Amino acid sequence: MSLLRACTFAKCFSRRSLLEKCALGQSFADYCRLCVSARNGAVRWISETPLHLQRRNVLSVFPKSDDAKKRVLEQSQLLDVLEARIQQLQSDVVLDVQHAKVQFVKVPSCRRGVSSGRIPTRGSLLEKTDIPKSGPSKGAYKSHPSRWMEKLFQEKKTKLRKLLHVQLNFQKSAEVLTVKPKEKTATTSKASKWKGSKQKSSNKDGKAETSIDSEATKMDLAEIEELHKRLNQRVPHWTVQDKPEISQDGTGSPCGDTHLSILAYLEACVFIGDIERSQNFLLSQHRVVSRRKHLTTDVYNIMMRVWAKKGTLHQVGRIFILLEEAGLKPNLGSYCAALECMGRNPNCFPNTILRCLKQMEEDGLSIDDLFSQCVFQHDERDLLLKAIHIIKPDYQPNLSLQTNQHYSPLVKDFYTQRENHSFPKLDFTQEDLQERFKRQLGVEEACTITIDSVEAVKPITADIAKMRALLAEQQAQWQKVLLQALGESKMILAKSNTKDHRLNLYPYLCLLEDREYVDIMIQSVSNLPPTGQSLRTLAKDLGNRVYTKYCVQQKHQNHTVEKLQTIYNAYTDLLAKDTKVCNVLPREQWCQLEVEQGIGPLLQGDKSSWPLIVTLDLGIYLVDLMVKNLKINSDILKPATGRKLIPILYHMYTFRSTQQIGFIKPHPILSQMQQGAMETKLTFDSYVMPMLCPPVPWTTVKFGAYLLTPTKLMRTIDGATHHKLLLEKCQNLHAVFDSLNQLGNCAWKINKPILDIIISIFNDRGSDKLDIPPPLSEAPKVPHFNPHDPAYTASEKANMKRQVISAKKKFNEMHSLRMDALYKLSIAHHMRDEIFWFPHNMDFRGRTYPCPPYFNHLGSDMTRAMLLFTEGKPLGPKGLDWLKIHLVNLTGLKKKSSLQGRLDYGNSILEDILDSAENPLNGKKWWMDADEPWQALACCMEIANAIRSPDPTQYISHFPIHQDGSCNGLQHYAALGRDVIGATSVNLMPCEVPQDVYSGVAQQVEEFRARDAANDTKIAQVLKGFINRKVVKQTVMTVVYGVTRYGGRLQIEKRLKETDDFPKDYVWEASHYLVRLVFSGLKEMFTGTREIQDWLTESARLISKSGHSVEWVTPLGLPIIQPYHRTRSKVVRNKMQNINLQITHDAKERPDTVKQKNAFPPNFIHSLDSTHMMLTSLHCHSAGLTFVSVHDCFWTHALTVDTMNKICREQFVALHSQPILQDLSNFMLQKYCAGLLTDSTGKKSKEYKKLMLLLTKVPETGDFDLHQVKESTYFFS
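All of these numbers come straight from a predicted model, not from anything done at the bench.

What counts and how
- Residues numbered from 1 in each chain as written.
- Predicted model: local features only at pLDDT ≥ 70, side-chain atom pairs only at ≥ 80, totals over all residues.
- Heavy atoms only, no water.
- Core = buried A, V, L, I, M, F, W, Y, C linked by side-chain atoms within 4.5 Å.
- Buried < 20%, exposed > 50% of the residue type's maximum accessible area, 1.4 Å probe, protein only.
- Helix = DSSP H or I, 4+ residues; strand = E, 2+ residues; numbered from the N terminus.
- Domains from an automatic or database assignment.
- Contact = heavy atoms within 4.5 Å.
- Pairing = 2+ DSSP bridges.
- Axes fitted to C-alpha atoms, helices over the stretch in contact; angles between N-to-C directions.
- 1 Å grid on protein atoms, 1.4 Å probe; cavity = no way out; pocket = protein on both sides within 12 Å on 5 of 7 lines; lining within 4 Å.
- Points joined across faces, edges and corners; volume = space filled by probe spheres on them.
- Nonpolar A, V, L, I, M, F, W, Y, C, P; charged D, E, K, R; others polar.
- Salt bridge = Lys/Arg side-chain N within 4 Å of Asp/Glu carboxyl O.
- Phe/Tyr/Trp six-rings, centres within 6.5 Å; stacked < 30°, edge-to-face > 60°.
- Lys NZ or Arg CZ within 6 Å of the ring centre and 35° of its normal.
- Parallel < 35°, antiparallel > 145°, perpendicular 65-115°, else oblique.
- Left-handed = near helix turned anticlockwise from the far one by under 90°.
- UniProt positions renumbered as here; feature names shortened; annotations may be inferred.
- Polar contact = N/O pair within 3.5 Å; in protein donor to acceptor, adjacent residues only side chain to side chain.
- Expected span 1.5 Å × (residues − 1).

Trainee: Can you explain the nonpolar core? Please cite residues and give values.
Mentor: Judged by nonpolar contacts, the single largest core of 142 residues is most densely connected at V411, L707, L988, L1074 and F1164. With 10 residues, helix α42 (residues 1067–1085) is the single largest residue contributor to this core. Inspection of this core shows a minimum of three residues originating in each of domain 1 (255–416) and domain 2 (430–631 + 670–714). Setting aside its immediate chain neighbours within four residues, L707 contacts F437, Q440, L441, E444, K555, L564, Y568, M691, C693 and V696. Judged by nonpolar contacts, the second largest core, of 108 residues, contains L357, L370, V623 and L1141.

Put into structure tokens, the structure is as follows:
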């Protein structure tokens, strides 16, 4: 360590005076006298000797060695000295060395490679030293002015003179500008002009500047003043108060993946107890200045907490020194670790704690912040409180819940006026819920669950038994081989240099027991499909499984599981039916219980998620172990003379589109053995299954859903972090949390009769008509031929190759569909006698989704038909009618009929309904012709049961009734634009019968076609009789979500190909013609919609061209940012194979303008429909309703359909009564245009001014009265 830096650290610590007089031996100030003396000598050497003599003087502090080593040391140490000196001259916190009087007791050894933060391990930390600010002390060296200082002074003087000259020129030229000087601040204007003149120094006549100024003169002055007024006015609370600030790199750290990798590596080292490796790694990163850009205060805090737990205060002090040198400030975590360490140290002086608390206050941090914002583990909180009690014996943390939150106007009454709320209870006792918690905890602790497959169980023949025994024997042998190989590889990695700055996998291979890694690998072999799997997918899956187990073990190590059980048991008091009713939301109850259970660790973990690179590295390492070590005898199935060991897995390459990718494929012998064994068990990760108890309520962006399994609040692309940072900086997401909790608290059960019928068809031969995939035995056979056979002509060979490719593609598709159905049915069968729950999270637009991926109510018709509400409610006077109307809706036969017309039709086919319920597979099979056949059959059975009950009005129904929005995207557009014609087309306006927008567009297109046909347009004549609702529906539905003409053409082409009578030769030309007519028809019918869509699109284009991602905030305060950036390639290098990652979410890259502008309109509308759904869910919850949603399709009991419809319409009107587009304009003006007139020059200024004018010109609205939606029967129906 250079002597100059040593003194710098001494000064920093004496200045901050953080941990004075700890009982650790010598005082740190004892080292400072000799340090400053030596430093004065170093300064004297630099100041008074020529440059060519300075090398010799610097080397005088190092022992002589060979010439090569000497030259390296000369250069490096000279750089250290000069760098430290320059930092001192530039810093305002480092004192002037020629006025310091400090003495040394001993000189610490200096050698290459030691961290600049190294200090003697013995001695007291941070003993405060008084150093006079000015005037030479007695005996101090009085130095002469340094040539370095003179040179810097001259450079600074010259620079200021040039800047002043530029500013004078600017003031002269500013007189001719038409823009008022008061619109620009003096300082920023001068700096901007100087920057602009520098960029355009070659343009002597200033034509570019004159051109820009002339553009400015064209802008209307009144409009300019209006813009400034808009920018200076206060924007509504949900666009400012909750508006997070985020750096453009989107990571919150200088380098995203590298920073996260460092955090993950240090946490892994600490978890396995390898403190030396973690400390050395941190020092190796800190030692090189170029690597410090990857470090943040949180990185240093990891080691600070380690030393705090050991009570070694001097090591904590070392980390503070490193923080100071890195130019970082301690945060709450830093002070928390220091105070915890003091609490563990019985000999710590009170003055040390007092100085720490004072310094913390100077940094703007309070003691209450420590307890409210820090994440504690083990006994950290108690020891922190112990240290504070030494100074403030009566202090108690203020952890009361904030009740004066500033809510959005949309939900203010919901949270503040609860007198009439009747939050529903679950139909379970408190004891039952607590028992269910224990079962779910056991499932998540195991991380995996094995269930029975629903595939038909065939009699176990001798061949099957033999194959199963053979496979079990091989698996046992593979386990031994992998255990040995893993142990040997870990020994090699353990011997690697612990001081190396490079990451290695050793800590990640020690997180679990060796057998757990082996079990994960063996399970991946069992799940590998016969066709193989890409290396990236397999590696990612393996890495994620290790990470999940690691997270679960972390929670055990931190003793959070015990506290979780205590809080959950108390939480059931709110949900259980045998407890008192209260008007508290689940989130509020959980937070209150956490406050009451103040002692011990916090449930919200603070561990970092692994970046994709780490997950892939670890996964590829495990795959490599399997490929190299798992072998089998070549004659295991058929005895042969040439017996040898062959690998069971092969690493090969194949092509996906134009990209070559690595592929892991099982040997045919392994596939044959697995198929012959006919295993009847399936193993899943625990998060795949529904929960056996109500989910943990979302209380923060990091905590909710499963008990132990890590879950993201917002689904994002792997590696994208900007959404997470936005969420963490939001102050109030309570409405979003409460909506997700309400959806997750809905209990479900299996419709057993429907499940049994589906399984019987699945195990027979499937059914294409009923969407039950057939077994692979029904797949077309792959033709075999010899491509070198001269009997085939070239055209025949080409035809045969196409047949082979087509057959293989069909086989793969059938295998995928079959396995998907198998997983869903097997999970449903496993849960057939259970009550279960689906925890929810959301995507980046706010749309909600169940967390279990395979089996949930967002699935196919088959999956939805198998689900029923656990809670039953009587049908009431109108419930049976709603069942019949719902059944008719599922058939798709009476979409243009009124509700009464649909009910009459339902009564007219009652005989078919009852026949379908009694004999679904052997009767008339009327239900099979419905649009949604399985849900129709389930509804037939519910109607039959209700009719046969003694009193249908008292029949307890568990069946969910759906109310679907009428082209919901267009509904939001019509409401935004108050478009009367558009509102009528999508049923915002009350009508006697439902308006079908798809039929309306089809009719418009037919009129265009007839006109063209009369003008002898050939393709228009060919299309006569083929234009109908079905042809245009998908394009009309998706145009609101940003479908392009190209995508719309493909959709229409597909529909025309499905039409048997349409001539195939005209498909391509007809699709081109029709997509143009569809877009023209929509433009005429929805003029307001197109204006808003165009405004959103152009705004996004200009914003992304300016270098920003499009960002906005929903009316409920949820921040949204579009993650579309230019693609960057990153190569993950491994011995096995390099993987090329195409990264599109890197916020350091410029935004992808095409994706940003095309995606903004649909994403904005999706954010509005999710807001409407959340508002509806909250108010249904307060009314005591059971409510779930599939985006714009709302479900509830037949009894409460009318109540839900009323709430749904009221919340839609309330949402669109807000000035949504105006608020969006204000938000974007403040975010993207606030510094426009002062910071922009040249072409960039033109673009910014264009953006500003565009954002102020919010599309005008029509005359539609929004309150008419409340009276519209078919708005949702």
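The discussion continues.
Trainee: Got a sec to walk through the pairing of strand β20 (residues 1128–1132)? Specific residues and values, please.
Mentor: As defined by bridge partners, β20 adjoins strand β21 (residues 1139–1143) across five bridges and the pair is classed as antiparallel. Each residue of the ladder has a partner; that of K1130, found in β21, is L1141.

Trainee: I'd like to hear about the side chain of T891, residue by residue, with values.
Mentor: On the secondary structure map, T891 appears in helix α32 (residues 876–891). With residues up to four places along the chain from it excluded, the contact list for T891 reads W926, A930 and D931.

Trainee: Residue-level account of the sheet that holds strand β22 (residues 1188–1190), with values.
Mentor: Pairing in this open sheet of three strands is antiparallel, and the strands run β17-β23-β22 from one edge to the other. The sheet is open, and its two edges are formed by β17 (961–964) and β22, each paired on a single side. Going from strand to strand, the sheet's axes swing by 25° on average, the running direction of each strand aside. Taken together, the four bridges between β17 and strand β23 (residues 1193–1196) define a ladder with antiparallel strand orientation. Its bridge partner being in β23, D964 is matched across the sheet by C1193. Running over the sheet, helix α45 (residues 1201–1216) touches β17 and β23 and is turned about 145° from β23.

Trainee: Please set out the sheet that holds strand β6 (residues 659–666) residue by residue, giving values where relevant.
Mentor: Pairing between the strands of a sheet comes from backbone hydrogen bonds, and it takes one of two forms, parallel or antiparallel. Spatially, the three strands line up as an open sheet ordered β2-β6-β5, and their pairing is antiparallel. Each edge of the sheet is formed by a strand with only one pairing partner; in this case those strands are β2 (533–534) and β5 (649–656). The sheet contact formed by β2 and β6 spans two bridges and is antiparallel. Within β6, the position partnered with Q533 by the bridge is I664.

Trainee: Residue-level account of the environment of I661, with values.
Mentor: Along the chain, I661 turns up in strand β6. In this structure, the C-alpha to C-alpha distance between I661 and I1139, residues 478 residues apart in sequence, is 7.9 Å. Those residues within four positions of I661 in sequence are excluded, and the remaining contacts are S534, M652, Y653, T654 and R656.

Trainee: Describe empty space enclosed by the protein, listing the residues and the values that go with them.
Mentor: Over the atoms rolls a probe the size of a water molecule, and in doing so it shows where empty space is left. There is about 340 Å³ of room inside the largest cavity. Residue lining of the largest cavity: 23 residues in total, with P424, K425, L426, N745 and H1181 positioned closest to the centre. Among the residues making up the lining of the largest cavity, the classes are represented as 15 nonpolar, five polar and three charged.

Trainee: Quick one: what's the story with the pattern of salt bridges, residue by residue and with numbers?
Mentor: When charged atoms on two side chains of opposite charge get close, those side chains can pair. Here the structure, examined in full by the defined rule, presents 40 salt bridges. Salt-bridge contacts for E1053 lead to K1057; the nearest nitrogen and oxygen are separated by 3.1 Å. Placement of both E1053 and K1057 in helix α41 (residues 1045–1058) is noted, with a separation of four residues, approximately one turn of the helix. For K1206, the salt bridge is made with E1210, and the minimal N-O distance between the two is 2.6 Å. Placement of both K1206 and E1210 in helix α45 is noted, with a separation of four residues, approximately one turn of the helix. Overall, E1210 belongs to the partly exposed group, its relative accessible area being 29%. Residues joined by salt bridges that share partners form a network here, namely R418, R587, E588 and D738.

Trainee: A description of the packing of aromatic side chains should follow, citing residues and the corresponding values.
Mentor: Inspection of the entire model under this criterion finds 37 aromatic pairs. With a centroid separation of 5.1 Å and 85° between ring planes, the pair formed by F271 and Y550 is classed as edge-to-face. Taken together, the positions of F271 in helix α10 (residues 256–271) and Y550 in helix α22 (residues 535–557) put the pair 279 residues apart, joining distant regions of the chain. Pair check on accessibility: F271 and Y550 agree, each one buried. Here the aromatic rings of F371 and F376 are separated by 6.2 Å at their centres, their planes lie at 45°, and the arrangement is tilted. Assigned by exposure class, F371 and F376 land together as buried. A network of ring pairs unites the aromatic residues Y265, F271, F281, Y508, Y547, Y550 and W610 as a single cluster. Of note, R818 hangs over the ring of F762, and the distance from its end group to the ring centre comes to 3.6 Å. Seen from the ring of F844, R845 lies directly overhead, with NZ or CZ sitting 5.9 Å from the centre.

Trainee: Let's hear about the packing of helix α20 (residues 462–494) against helix α25 (residues 612–629): which residues, and what values?
Mentor: Running from N to C, α20 and α25 point in directions that differ by 125°, and their axes come no closer than 10 Å. When the axes of α20 and α25 are compared, the pair comes out oblique. The crossing of α20 and α25 is right-handed. Seen from α20, the contacting residues are V481, L482, A485, L486, S489 and L493; seen from α25, they are Y621, L625, M626 and N629. Looking at the contact of α20 with α25 residue by residue, the classes come out as eight nonpolar, two polar and no charged.

Trainee: Talk me through the UniProt feature "repeat: PPR" (unreviewed entry) in the chain; I want residue IDs and the actual numbers.
Mentor: Feature annotation in UniProt assigns "repeat: PPR" (unreviewed entry) to the following positions: residues 296–330. The span residues 296–330 is 77% helix and 0% strand, and its two end C-alpha atoms sit 10 Å from each other.

Trainee: Give a detailed account of the environment of R765, specifying residues and quantitative values.
Mentor: Structurally, R765 is set in the loop between α29 (752–764) and α30 (794–830). The exposure class assigned to R765 is exposed, which follows from its relative accessible area of 52%. As for R765 and P775, which are separated by 10 residues in sequence, their C-alpha atoms are 6.3 Å apart. The contact partners of R765, leaving out residues within four places of it in the chain, are P774, P775 and E778. In terms of polar contacts, R765 uses its side chain to reach the side chain of E778, at 3.0 Å.

Trainee: I'd like to hear about helix α11 (residues 275–287), residue by residue, with values.
Mentor: Between its first and last C-alpha atoms α11 spans 18 Å; for 13 residues at 1.5 Å apiece the expected length is 18 Å, and the two agree. When you tally the buried positions in α11, you get 11 out of 13 residues, the bulk of the element. Those residues of α11 that fall on the buried side of the exposure criterion are I275, R277, S278, Q279, N280, F281, L282, L283, S284, Q285 and H286. The inward-facing, buried residues of α11 contact α10, α12 (297–310), α13 (313–325) and α20.

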